[in-house]
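Chain by chain, the residues:
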Amino acid sequence: MKKTFLGLCLMMMCAVIPSCKQEPLMVDAEKDNAAAPGLFGSYLQIEPGAYEVVFNEEGTEACIDISFKTINAVEAGDVEVKIALLDADHKEICDMESEDKAFEKALGQAGETFAIKFSTGVDEEKIKTLRESAKFVAITEAEGAVTYKVTGTIAGKPVEGVYEINTRNGKIKGGYHYGSGTSQELIAVKGKYDKKDSSISIVETYNGMETGRWAIKLEPGANCKFVGEMTNYRGNTYEVDMAEDKSLGHLKVPYSAFEGDDEVAAEVEVAEEPDSAGSDDIDEFLDEYQEVLMSLKALSRKAANGDMSAIEAYQEVLEKASSLAEKGNANLANMSSAQRKRFEEILQRASDF
């Protein structure tokens, strides 16, 4: 009888003490606002539908499991995604983050679906605000380094290239080469990407010498495009038209071309005024000299690997390079200051052979 009385007392006490457990909160992911913002908008989205925000018993943490889908495949690294709970006017109430690194693997294949847990710290007041106002959930930030392998044309000539865009710092690095019958060594490019309008400013270099500047735009999509103009060192402007080509698995970003270069964006912004003095004949001579050195460098690498035809051709091209060096020295008086500077830079590079 005594035990029965104690049991009834405990039951009555439990009935009057409110439960500490927080009931889940439901929010919606809308179809029209499902895609990630910025560059990742072409690749990642939240699966539309209802989601449950769960609170721990202590009322100190809110968690939500979000289902994502990759719209298009892309090679990406160091990816970080943030979401937020929004009110009825789609204004952010609180951000939520995740330490899960599944994004990079999933982005490599279109149509992948996967779940990520997000969380944020809360208190009693925050929970009250969420219950009163939270209606939606959306991706608010997606950052990382995206690599594009492309084919297309520059000045109507076929090219292949690889470009890495880091959306965190706006830097772009990469390189390209022209089609068959030309050197396959990449001409290095570096520059800045503006996420506001997807514009890209690029400086290209070969053998340490600046060979052109680009003003292009990135057009995202299933096969994104890079379109715009390239102005070479002579001031001639050509059309750039390239599109993503996922079959180019062999191309890699030439990171060695950028060692010690931490001021990429600042360098792109400063453009030298062209020197109007000097003749077109000198420019054509310098073009030829530079192309000969590019061929010489490519041959030297093939010869080092035992290519007999390259060994035979190397000596002939080397003699041509020496002849052009003599011709340049004989025409120093006819060169503008810019042409003379360029000739000296080419000579410096020629000393490596």
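Structure: see above.
The residue numbers shown here count from 1 along each chain, following its written sequence. Given that the model is predicted, a residue must reach a pLDDT of at least 70 before its local features are reported, and side-chain atom pairs must reach 80 or more before they are shown or counted; all residues, however, enter totals for whole chains, interfaces and linings. As a convention, hydrogens and water are excluded, and side-chain values are obtained from all of the structure's heavy atoms.

### Focus on the overall build of the protein chain
(1) Moving on: Think of it this way: any DSSP run of H or I at least four residues long counts as a helix, any run of E at least two long counts as a strand, and we number them from the N terminus. Across its full length, the protein chain carries 7 helices and 15 strands.
(2) Moving on: Carbon and sulfur atoms make up 49% of the accessible area of the protein chain, which amounts to about 19500 Å² in all. Per-residue and other accessible areas were derived by the Shrake-Rupley procedure at a 1.4 Å probe size, with only the shown protein chains allowed to occlude residues.

### Examining the environment of E344
(1) Moving on: Position of E344 among the secondary structure elements: in helix α7 (residues 337-350).
(2) Moving on: Burial status follows relative accessibility: with a 1.4 Å probe on protein chains alone, a residue under 20% of its type maximum counts as buried, one over 50% as exposed, and anything between as partly exposed. Among the residues examined, E344 registers a relative accessible area of 46% and is labelled partly exposed.
(3) Moving on: Distance in space between the C-alpha atoms of E344 and A325 is 9.9 Å, their sequence separation being 19 residues.

### Examining the pairing of strand β6 (residues 92-96)
(1) Moving on: Paired strands, in this sense, are two strands between which DSSP finds at least two bridges. With 4 bridges joining them, strand β5 (residues 75-86) and β6 adopt antiparallel strand pairing. Among the inter-strand pairings, L86 is bridged to a residue of β6, identified as E92.
(2) Moving on: A loop of 5 residues connects β5 with β6, the two strands running antiparallel in sequence, and H90 in this loop sits at a positive phi of about 65 degrees.

### Considering the layout of surface pockets
If you roll a probe as big as a water molecule over the atoms, it shows you where there is empty space left.
(1) Moving on: Size it by volume and the second largest pocket reaches roughly 930 Å³.
(2) Moving on: Each cavity reported here is a set of points on a 1 Å grid over the protein atoms alone in which a 1.4 Å probe fits but cannot get out, each pocket an open set with protein on both sides within 12 Å along at least five of seven lines, and each lining residue one with an atom within 4 Å of a point. Lining the second largest pocket are 30 residues, with K157, Y178, I187, E291 and M294 sitting closest to its centre.
(3) Moving on: Where the lining of the second largest pocket is concerned, the elements lending two or more residues are β10 (171-178), β12 (199-206), β14 (225-232) and α5 (280-304).
(4) Moving on: The greatest single-element share of the lining of the second largest pocket, amounting to 9 residues, is contributed by α5.
(5) Moving on: Considering only residue class, the lining of the second largest pocket consists of 12 nonpolar, 9 polar and 9 charged. Grid points are joined across faces, edges and corners, and a volume is the space filled by probe spheres set on the points. The classification used treats Ala, Val, Leu, Ile, Met, Phe, Trp, Tyr, Cys and Pro as nonpolar, Asp, Glu, Lys and Arg as charged, and all other residues, Gly among them, as polar.

### Quick word on the nonpolar core
(1) Moving on: By nonpolar core we mean a set of buried residues, namely Ala, Val, Leu, Ile, Met, Phe, Trp, Tyr and Cys, connected to one another through side-chain atoms within 4.5 Å. Counting residues in hydrophobic clusters, the biggest one holds 62 residues, and the most contacted among them are I64, F68, F118, Y148, W214 and F226.
(2) Moving on: Residues F285, Y289, L293 and L299 belong to the second largest nonpolar core, which totals 18 residues.

### A few points about the packing of aromatic side chains
(1) Moving on: Here is the rule: rings of Phe, Tyr and Trp (six-membered ring for Trp) pair when centre to centre is within 6.5 Å. Planes less than 30 degrees apart are stacked, more than 60 are edge-to-face, and the remainder are tilted. Summed over all chains, the structure comprises 12 aromatic pairs.
(2) Moving on: Measuring from centroid to centroid gives 6.2 Å for F285 and F343, while their planes differ by 45 degrees, and the two rings are tilted. Pair noted here: F285 is in helix α5 and F343 is in helix α7, with a separation of 58 residues, a long-range link. When sorted by exposure, F285 lands in the same class as F343, which is buried.
(3) Moving on: A connected cluster of aromatic rings, assembled from ring pairs, spans Y148, Y163, Y176, Y178, W214 and F226.

### Regarding the pattern of salt bridges
(1) Moving on: Salt bridges are defined by distance alone: a side-chain nitrogen of Lys or Arg within 4 Å of a carboxyl oxygen of Asp or Glu. Applying the stated criterion to the full structure yields 11 salt bridges.
(2) Moving on: Two residues, E75 and K149, come together in a salt bridge whose shortest N-O distance is 3.9 Å. Of the two residues, E75 sits in strand β5 while K149 sits in strand β8 (residues 136-154), which places them 74 residues apart along the sequence.
(3) Moving on: Overall, K149 belongs to the buried group, its relative accessible area being 11%.
(4) Moving on: As a salt-bridge pair, K82 and E97 come within 3.5 Å of each other at their nearest N and O atoms. Separated by 15 residues along the polypeptide, K82 in strand β5 and E97 in the loop between β6 and α2 (103-107) bring together distant segments of the chain.
(5) Moving on: One salt-bridge network, held together by shared partners, links D78, E80 and R168.

### A short note on helix α6 (residues 308-330)
An α-helical turn contains 3.6 residues, so a residue and the one three or four places further along point in the same direction.
(1) Moving on: Under the 1.5 Å per step criterion, the end-to-end length of α6 is 34 Å for 23 residues, consistent within 8% with the ideal 33 Å.
(2) Moving on: Two axes enter the bend calculation: one fitted to the seven residues ending at the residue in question, the other to the seven starting there, and the bend is the angle between them. Along α6, the largest kink reaches about 25 degrees and is centred on Y314.
(3) Moving on: What α6 keeps buried is the set A310, Y314, V317, A321, L324, A325 and G328. Take the residue count of a helix, subtract one, and multiply by 1.5 Å to get its expected span.

### As for the environment of E92
(1) Moving on: Among the structural elements, E92 can be located in strand β6.
(2) Moving on: Along the sequence, E92 and T140 sit 48 residues apart, while their C-alpha atoms lie 8.9 Å from each other.
(3) Moving on: Apart from the residues within four sequence positions on either side, E92 is in contact with A84, L85, L86 and T140. Contacts between residues were defined by any pair of non-hydrogen atoms, one from each residue, lying within 4.5 Å.

### Comments concerning empty space enclosed by the protein
(1) Moving on: Inspection of the entire model under this criterion finds 1 cavity of 30 Å³ or more.
(2) Moving on: Considered as a void within the structure, the largest cavity measures approximately 30 Å³ in volume.
(3) Moving on: At the level of elements, β1 (25-29) and β8 are the ones that each hand at least two residues to the lining of the largest cavity.
(4) Moving on: Tallying contributions element by element places β8 first for the lining of the largest cavity, with 3 residues.
(5) Moving on: Across the lining of the largest cavity, the residue classes break down as 5 nonpolar, 2 polar and 2 charged.

### What about the packing of α5 against α6?
(1) Moving on: Fitting a line to C-alpha atoms yields each axis, with helices limited to the stretch in contact; the angle taken between N-to-C directions then spans 0 to 180 degrees. Where α5 meets α6, the closest approach of the two axes is 9 Å, and the angle between their N-to-C directions is 150 degrees. As far as their axial angle goes, α6 and α5 are roughly antiparallel. The handedness of the crossing between α5 and α6 is left-handed. Contact residues: F285, E288, Y289, V292, L293, L296, L299, S300, K302 and A303 in α5; A310, I311, A313, Y314, V317, L318, K320, A321, L324, A325, K327 and G328 in α6.
(2) Moving on: When the residues that make up the contact of α5 with α6 are grouped by side-chain class, the tally is 16 nonpolar, 2 polar and 4 charged. Here the angle decides the label: under 35 degrees means roughly parallel, over 145 means roughly antiparallel, 65 to 115 means roughly perpendicular, and every other value means oblique. Crossing handedness follows the turn of the near helix against the far one: under a right angle anticlockwise gives a left-handed crossing, and clockwise gives a right-handed one.

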